[in-house]
Every structure is written in C-alpha cells, then in structure tokens.
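Results of the structural survey
Chain by chain, the residues:
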Amino acid sequence: MFLSDYLKLDTQLDDRDIFDPIMETDSNFFINIQRLKKAETPEFQNSYFRINDLFRKIIKLLDKASEKNGADIFYKQALQLFDFSEVNGIGLGFAEEKTGSGFGKQLSKKVIDTAYDIVKAGITDPEFFELLPLFQDNVGPDRLSDMIATIILPDIRQYTERIMSELEIDPEHYPEYEFSEGYLINPYKKYQILLLPIEILHKLPVAESWEDIESVVSENETIRALMNHEVAEEWKKYSASTKKYYIRENIFKDTEAFKTVLDDYCKAELDQYDLGDRIDYFLEKLCQKILKLDIDWKSKLDLSKVGSLEAAKEILDYFKSWVEYNKGWEVIQDANSINREKIVQRVIHLAGMSYIKANNLSLSCEPDEGRGPVDFKVSRGQDITIIEVKLSSNSQYLHGYEVQIEEYAKAEQTDKMIYVLVNLSHPRKVSKIRKLHDDNIAASKRTPELVIVDSQKKISASRA
C-alpha cells in the first residue's frame, strides 16, 4: 500500500513531486548529497551546508587529536559527533525488517579511525566523507543515505509539517488515523511518517560514476591514472575489501592524489532521477493504477464455459484495450527501454489475476517445461494455452513467432498458442508478421493466433 492509497490522496503526492512511499517496506532509493546541492525545495536549500558543517567540526577535532582511542578527548568528541541511526520514517533503503541498522558503534569507530588517518595525511576537505562507500568496508549507499538523513532530519521534519498542513493531513481530517506529536503514524511499522521531495532522491546517494568501486575504476580516468599498473591489471581478481583498502591507502591518504579525485567529484553534476527507472517501484505504481479500474470478471462470464484459450483471449483483449484506449501506451512508451518487455509481461499478468481466480484457472508467468520459459501459461488441468509476448523493437520478434512458441507448445503438449506483438512504432514489422501469419493459415500450417497491440503514441480525439 502506498501512502497515497492509505490517505486516499489519489495523485496529489505525484502531482506535487512528493515521494509516495510504500507503507509496508522500504523503497530502494536514497537521499543524494549532490542532488541536495541544487535542491529548490525551500526546506532543503541549506541542507548541503548543514552536512558539511558537521563534517568540518569532526575534521577539526581529529586534526587536534593525538591518537586513535577514547582516552584522547578530541578523538572521543569526534566519535560522539559521528553517531547516525536509521531515520525510519522516510521508508528508503534496503531494510527487510521494520527498521534498519544505521552505523552502530563498531562501524562508527572504524570510519573515524580511517578519517583520522586521512586528516593526518593533510586532507581537510569535508567532502571526503561523501565518498565513504568508496573506501570504507561495510559502508554502502543505504548507510550513507541514513547518515545524510540523520544530519538533515530538522529539514525533513519541517518539510513534512508543511506538506501535511497543505494537504490537511491531521487528526481533524483523519480522525480514525493514529498521530503522534502531530505526525501520522505508519500502521505497519508503527513510526512517524516523514516526507521527502523527489528531487533529492536517486538510485544511489552519490554520483553515478561513484556508485561502486567497479564503476569508479572502469569509468573514472583520474583514479585509473593514479593506480599502479600491476594493480590495475589484477583489479578484477581482488575482493571488495582489498579494493577498498588499496584506494584508501594509495589514493585517499595521498594528499595530491586525493585532491585530484575530489576535484573531479565536486565538478560532477547529477540530473534529477526518474523514479520510474527502478522497475520494482514502477511496477508497484502501475499495479496501483490498474487495480483502481476494479474489473468485475465474475459478472461478465459464465464460469462453466470458460476454457484456457477463451480465458487467454479475454485477458489479452483487456490488455489491448487498456493500451490502445486508456493511455496504457504512455506507460509502455515512457518506460526504460531495458525494462519495457518485463513491464508489459507484468501488466498482462496483473490484468489476468482476478479473471483467473474467478474462473478457477491457473496463470503461470515464465514456466519452463524444458525448452526455456514461455511468457505465460493459462491452464486448468490438461487444458493449456501458452502466450508469448514480444515488442516490435525486439530483433527476435519473427523468431519468437516462427520457432520459439512452437517449441514451447511441444514442451507443454498443447496446440493452443497465442503470439502477442506490441507495436512501439514499427509498421513494416507489423506488416511482415501479418503477411507471414496469413500465408501460414492459407497453407494450413499449424500457427499461433496472432494479437497485435498498438502501443504507438496517440494524438487526442479532437485532433484525430
């Protein structure tokens, strides 16, 4: 359940570019420091300075410290400042439980120990803390995001309060909902719900070229130039821990080398991330929209007469109608090209779930009976229909029609086959497969039923 579902807000969060969190689990997005640099949302315009101000205080303390242990008052104060738990209310990260782990005392000490060595090497730029996942073991994007969220928590709370006020999310308008200190309580996780603007989120909390060590070494020319030639040759064979150790000791503790790397990082800019590029979140949002259509299959069908082929056709007919007449084509056209076919499959699967349940049928997604997975199998006992789906952008669209689906049918021991071609904008391919299909029928050749779905961009009815 999305927050917008829970509060019956329809599209108000999306329309205002407010992140719509899933209530039961975390979403794999992260607060991004580089996005905070250019935040336009009033409450977050000073967040980046708040972060670096804290890091400067820690650096000053470590610079004054004489040793790495709690007996040194400056080291102890620096360690006390580096105290970050997970800000649970924002619903971001990888946590599978109700709450995440944050940093913890042992990991915090390891980070401060490393920071001590870096500062003593003459590096006092606060931005080096932003690159922690690059050189510190057990620090990944989720923990860095938790660290940022803890530091800017006052800004997050201020933003949440304003949005709640504007949308009238309060005990007066939601008397049956639980609130604490003025904040709405998540009924699944039992903590306050905090809101974030989409503009400060990303798939990872640092620039794309700094996502992980592999991309840094393969794409960042500065670091490659600083690496020892022999190490670069053997790099892929090293463990993650060994890679981080090498970068920490040979680049981040070398003042000149680090300055060069930091200059590259500070110059980098990151455009606002499209949350739809994460297929898991995109599909959840898509399910939310389709489920609101509330198709009542039971009232439309005589359950005693529906076989697998008729069921498959009915499901595909609904999918085709949704794409061509209910702006489903927008979803497919706007989707990341890498994920389009998977998204189409999931929409068809979702479209058929209620239908299948109402008619005591089975709908399997990508079952494999020995010749690879067909996209769908609709069945009731030995009454089996298989469905293969291809986009017109797929270079194997003809192979799927001529070879793949026939092999899948043999494996499933059925002659009931439906081939679906989703046309993105390839009229020649559509004409070619239509002609092949007609020729096969004329020659009395066993051939799948053909469904063409027009997913091309449509003009408005007034202009048609």
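What you are looking at is a predicted structure, and each value in this text was computed from that prediction instead of being measured. (Residues numbered from 1 in each chain as written. Predicted model: local features only at pLDDT ≥ 70, side-chain atom pairs only at ≥ 80, totals over all residues. Heavy atoms only, no water.)

**Regarding the overall build of the chain**
For the chain, the count of helices and strands is 20 helices and 9 strands. A total of 464 residues make up the chain; the buried ones form 51% of that total. Once local pairs closer than 6 in sequence are excluded, the contacts in the chain between residues at least 24 apart make up 70%. Carbon and sulfur atoms make up 46% of the accessible area of the chain, which amounts to about 22800 Å² in all. (Helix = DSSP H or I, 4+ residues; strand = E, 2+ residues; numbered from the N terminus. Buried < 20%, exposed > 50% of the residue type's maximum accessible area, 1.4 Å probe, protein only. Contact = heavy atoms within 4.5 Å. Areas by Shrake-Rupley, 256 points an atom, 1.4 Å probe, with all protein chains shown as cover.)

**Section: the packing of aromatic side chains**
Following the criterion strictly, the structure yields 10 aromatic pairs and no others. Here the aromatic rings of Tyr6 and Tyr177 are separated by 4.7 Å at their centres, their planes lie at 70°, and the arrangement is edge-to-face. With a gap of 171 residues between them, Tyr6 in helix 1 (residues 3-6) and Tyr177 in the loop between helix 9 (153-166) and strand 2 (179-180) connect regions that are remote in the sequence. Of the two residues, Tyr6 and Tyr177, neither departs from the other in class, the shared state being buried. Site record: aromatic cluster; members linked through ring pairs are Phe55, Phe82, Phe84, Phe128 and Phe129. Over the ring of Tyr183 we find Arg157; its NZ or CZ atom is 4.9 Å from the centre of that ring. (Phe/Tyr/Trp six-rings, centres within 6.5 Å; stacked < 30°, edge-to-face > 60°. Lys NZ or Arg CZ within 6 Å of the ring centre and 35° of its normal.)

**Focus: the confidence of the model for the chain**
When pLDDT is averaged along the chain, the result is 81, and 80% of the positions lie at 70 or above. Of all the helices and strands in the chain, helix 10 (residues 213-219) carries the lowest mean pLDDT, 51, while helix 9 carries the highest, 96. When the criterion is pLDDT under 50, residues 96-100 qualifies, and its contacts beyond four places in sequence or with other chains add up to 9 contacts. Scored below 50 in pLDDT, residues 205-212 makes 33 contacts in the model with residues more than four places away or belonging to other chains. (pLDDT = per-residue confidence, 0-100.)

**Considering the nonpolar core**
Among the nonpolar cores identified, the biggest contains 83 residues, and Ile31, Phe82, Phe128 and Leu184 are the most heavily contacted of them. A per-element tally of this core places helix 4 (residues 47-64) first, with 8 residues. Each residue touching Phe128, except ones within four places of it in the same chain, is listed here: Ile59, Ala115, Ile118, Val119, Ile123, Phe135, Phe258 and Leu262. Core analysis: the next-biggest nonpolar cluster, separate from the first, contains 32 residues, Phe319, Val344, Val378 and Ile387 among them. (Core = buried A, V, L, I, M, F, W, Y, C linked by side-chain atoms within 4.5 Å.)

**Some thoughts on the side chain of Thr114**
Here Thr114 lies in helix 6 (residues 105-120). For Thr114, a relative accessible area of 8% gives the class buried. Not counting the four nearest positions on each side in its chain, Thr114 is found in contact with Phe135, Gln136 and Arg248.

**Comments concerning the side chain of Asn423**
Among the structural elements, Asn423 can be located in strand 8 (residues 417-423). Other than its neighbours up to four places away in sequence, Asn423 contacts Ser392, Val430, Val453, Asp454, Ser455 and Gln456.

**With respect to unusual backbone geometry**
With phi around 55°, Asp10 is a residue other than glycine that occupies positive phi space. With respect to the secondary-structure elements, Asp10 resides in the loop between helix 1 and helix 2 (12-15). Assessed through its relative accessible area of 51%, Asp10 is described here as exposed. With a phi close to 55°, Ser444 is a non-glycine residue in the positive phi region. Mapping Ser444 onto the fold places it in the loop between helix 20 (427-442) and strand 9 (449-454). Exposure remark for Ser444: the relative accessible area of 68% places this residue in the exposed category.

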